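What the coordinates show
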Amino acid sequence: MIAIYPGSFDPITLGHLDIIERGCKLFEKVIVTVLRNPAKNPLFPVAKRVEQICECTAHLSNVEVDSFTGLTVEYAKLRKAGVLLRGLRVLSDFEKELQMAHTNKTLWDGVETVFLATANEYSFLSSSMVKEIARFGGSVEHLVPPNVAQEIYLFYKKGDR
Ligand code: ADP
């Protein structure tokens, strides 16, 4: 079974990476898909996020990284994927994720959403929190993969925030 792991990944965090690594043990293949969301003002362009994810998942042989504009279910159909993989952190994720899972099911019955509970140490970690810390000069090495930390530091040092 092929699973899609869709998200903004702006940037990818150790919490995301943990879900990818565990998903790889459950599914034949995990396709990490950066969804273009015109409503969000991203830190990194989509191509850069794809590159960052490729680098930090290079040790996983059954991961593919891609990007997509449009509905996640359309992408799942295109890739013949039967599963949408999502991570669940705290209770506040639950309502939004459940709504999304139901909506996707109404759009295409051929897909199941599978939730993995976040590892305890990452349950309060989000991409926006990483950006907030970095913007004020804090350290993010314990929150994101090393290649991503370097690029975040570079971005904020240049002052183009
Ligand atoms: P989106 O914009 O779709 O919420 P994100 O990049 O924020 O995209 O998250 C993608 C997926 O990863 C979501 O299912 C989200 O709940 C999950 N996720 C986000 N942060 C973490 C974390 N720290 N640990 C585990 N899963 C996470």
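Residues numbered from 1 in each chain as written. Predicted model: local features only at pLDDT ≥ 70, side-chain atom pairs only at ≥ 80, totals over all residues. Heavy atoms only, no water.

What follows covers the UniProt feature "site: Transition state stabilizer" (unreviewed entry) in the protein chain. Within this structure's numbering, the places UniProt gives as "site: Transition state stabilizer" (unreviewed entry) are His16. One can find His16 in helix α1 (residues 14-26). For His16, the contacting residues outside a window of four places in its chain are Tyr5, Phe9, Pro11 and Ser127. (UniProt positions renumbered as here; feature names shortened; annotations may be inferred. Helix = DSSP H or I, 4+ residues; strand = E, 2+ residues; numbered from the N terminus. Contact = heavy atoms within 4.5 Å.)

A separate point is the pattern of salt bridges. Using the criterion set out here, one finds 14 salt bridges in the structure. As a salt-bridge pair, Glu151 and Lys48 come within 2.8 Å of each other at their nearest N and O atoms. Of this pair, Glu151 sits in helix α6 (residues 146-158) while Lys48 sits in helix α2 (residues 46-56); the two residues are 103 residues apart in sequence, bridging distant segments of the chain. Among the residues examined, Lys48 registers a relative accessible area of 24% and is labelled partly exposed. Notably, a salt bridge pairs Arg79 with Glu64, separated by 2.9 Å at the nearest N-O pair. Placement of Arg79 in the loop between α3 (72-78) and β4 (83-88) and of Glu64 in strand β3 (residues 63-68) is noted, with a sequence separation of 15 residues between them. Through salt bridges with shared partners, a single network forms among Lys29, Glu64, Asp66 and Arg79. (Salt bridge = Lys/Arg side-chain N within 4 Å of Asp/Glu carboxyl O. Buried < 20%, exposed > 50% of the residue type's maximum accessible area, 1.4 Å probe, protein only.)

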